[in-house]
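# Geometric and topological summary
As a plain string of letters, each chain reads:
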Amino acid sequence: MSKWAWLSTSLKEKPGVFGEFSQCLTFHSRVQSITPSSVNPTNSCPSPSNSKTLSSENDVHTYLDNLDKTQPDVCVFAFTNPTPENNGKLPLPISKRLLERITQDFNLSSTFLNVLDTGLATYTSTIPSKSRKDGKEWESAQFVIQQNRAYSAFSIALTFNIGTGRSRAILFGAETKVVSELFQYLSSMSPQPYGPMVIPTVAMELQAQSFSTTIKNCHDRVYSIEVATGMRQFNFPHEKKGVSPQDWKTLDLISITRDLSSFLSRFAFLKLQAETGANLVEQMARTTELLIEKTHKKDARGFITDDQYNIISKLDEIRNLYLGMAARCRYLTERTAAQSQTVHCLIASQYNLTNIDIARESRNIAELARRDNKLTFQVAKDSRAVAIAAARDSAAMQVIAAVTVLFLPATFTATFFSMSFFDFPGAERPRVSVWIWIYVLVTAILTIVIQLSWASVSNRKKEQITRGIQ
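Here is a short report on the structure shown in this document. (Residues numbered from 1 in each chain as written. Predicted model: local features only at pLDDT ≥ 70, side-chain atom pairs only at ≥ 80, totals over all residues. Heavy atoms only, no water.)

## Concerning the sheet that holds strand β3 (residues 74-80)
Within the open sheet, the 7 strands sit side by side as β2-β1-β3-β7-β6-β5-β4. Their pairing is mixed. Looking along the sheet, the strands with just one partner apiece sit at the ends: β2 (50-54) and β4 (122-125). Across the sheet, the mean angle separating the axes of adjacent strands is 10 degrees when strand polarity is ignored. Where strand β1 (residues 23-29) meets β2, 5 bridges bridge the pair, whose relative direction is antiparallel. When the bridges of β2 are listed, His28 appears paired with Asn50. Together, β3, β6 (155-161) and β7 (167-172) form the strand contacts of helix α3 (residues 96-106), whose direction differs from that of β3 by roughly 160 degrees. Sheet contacts for helix α6 (residues 198-229): β3, β5 (140-146), β6 and β7; angle to β6, the most-contacted strand, approximately 155 degrees. (Pairing = 2+ DSSP bridges. Helix = DSSP H or I, 4+ residues; strand = E, 2+ residues; numbered from the N terminus. Axes fitted to C-alpha atoms, helices over the stretch in contact; angles between N-to-C directions. Contact = heavy atoms within 4.5 Å.)

## Quick look at the side chain of Thr201
With respect to the helices and strands, the residue Thr201 is situated in helix α6. Using a relative accessible area of 6% as the deciding quantity, one classes Thr201 as buried. (Buried < 20%, exposed > 50% of the residue type's maximum accessible area, 1.4 Å probe, protein only.)

## Some words on helix α2 (residues 57-70)
Here α2 spans 20 Å end to end across 14 residues, near enough to the 20 Å set by a 1.5 Å rise per residue. Every buried residue belonging to α2 is among Glu57, Val60, His61, Tyr63, Leu64 and Leu67, and all of these are buried. Projected onto a plane normal to the axis of α2, the buried residues spread over an arc of 160 degrees and lie on a single side. In α2, the exposed residues that point more than 90 degrees away from the buried face are Asn58 and Lys69. At its buried positions, α2 is contacted by β1, β2, β3 and α3. Immediately downstream of α2, the backbone of Gln71 shows phi near 50 degrees, a positive value. (Expected span 1.5 Å × (residues − 1). Arc of directions from axis to C-beta.)

Here's what the structure looks like:
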């Protein structure tokens with residue numbers, strides 16, 4: 001065990017580091033033996049590579065037992081999570097016992113677990129930049145290469161033996177589909193190049209292609225937003241002027257703002273991944289150059305110099321791809337920020353138009369209220385006139401009632417004594433007819449009937465008035 005392994009060792013004892021096993025995808029390939037004097041890629045006769053999916057940890061232990069017998073030149077173990085959202089995160093889909101065995105059998109770096117825990121872009125190598133002063137040389141090199149934690153990003157621990165050319169690697173953080181593409185890529189390389197950077201180079205290229213596709217999709221979406229908001233109505237020589245944009249007043253600007261903010265966050269992350277990816281690839285190229293320098297005069301089966309120069313050339317290509325993606329992310333960030341500013345201006349214009357509409361409606365309401373007040377004033381004026389007229393009528397009726405009350409007794413007396421029931425002139429004394437009871441009876445009956453009719457009609461009118469008010 002390394003003297004510097006305390007942190008990783010203590011991390012193994014913490015809860016939440018190791019989780020449930022899901023599956024393990026394996027890859028191994030073997031190249032027929034070649035003599036040191038004929039180290040040439042054209043003399044390498046590859047045997048078919050092989051990949052398998054192991055569904056339990058017992059199968060992995062059995063596979064490791066067979067490795068001691070078969071000893072393939074390249075062997076990769078890739079552990080995937082059942083849910084892609086947990087890729088690159090703890091807990092790892094492996095038990096502590098199995099990880100310790102793989103680390104021991106493959107002679108992997110003891111810092112790998114600590115690097116996995118950080119989730120940061122990391123590159124470590126045990127190859128010294130200078131030769132040892134005691135004249136001793138190293139036989140194997142350990143590497144840890146990890147991208148920033150993402151939905152599907154590689155975390156690789158690898159050991160390469162200079163004397164035998166054998167590579168042993170363990171991989172976390174990638175989706176099953178991506179791991180399958182990695183193994184297909186390695187299988188397609190015939191003859192398969194030797195060297196510690198073969199597997200990481202393929203992984204970094206696949207990662208770059210994935211990021212490039214994501215950037216293109218985001219770019220297309222930003223372009224569609226620009227068309228919708230009218231920012232692509234310029235007559236460029238290479239671009240035909242399209243149809244008139246949709247009326248911006250009908251756009252869902254809040255959703256567009258949310259999308260643009262999401263793109264700004266995505267471009268920032270992709271820019272980070274591209275810059276760190278370029279840095280990782282650059283360090284991988286430096287390591288390969290160191291290996292060429294240290295093994296130039298060394299008779300090593302597993303190190304073919306031509307392969308290493310090809311790897312350096314490929315790494316330069318991948319590095320330029322990452323740098324191009326970083327530049328494109330910076331450009332798209334500025335472009336998206338400009339579009340976001342435009343959308344905010346449109347939102348402000350929408351608010352202003354809304355405020356104008358509100359002010360216009362408020363003015364209309366005020367005008368209607370003014371008219372209502374004018375009508376109310378006229379109604380009040382008419383009501384006053386009616387009240388005055390009613391007061392005058394009431395005064396006149398009071399006069400009439402007073403006159404009627406004043407003359408009613410005299411009228412009654414004159415009418416009563418002028419009837420034929422009384423005879424004053426033709427007799428010695430006044431005589432009263434025996435039929436006077438008829439007058440009294442008829443008068444009483446008519447009075448009662450009139451009073452009852454008046455009461456009934458009056459009550460009916462009161463009820464109608466009450467119902468009309470309710």
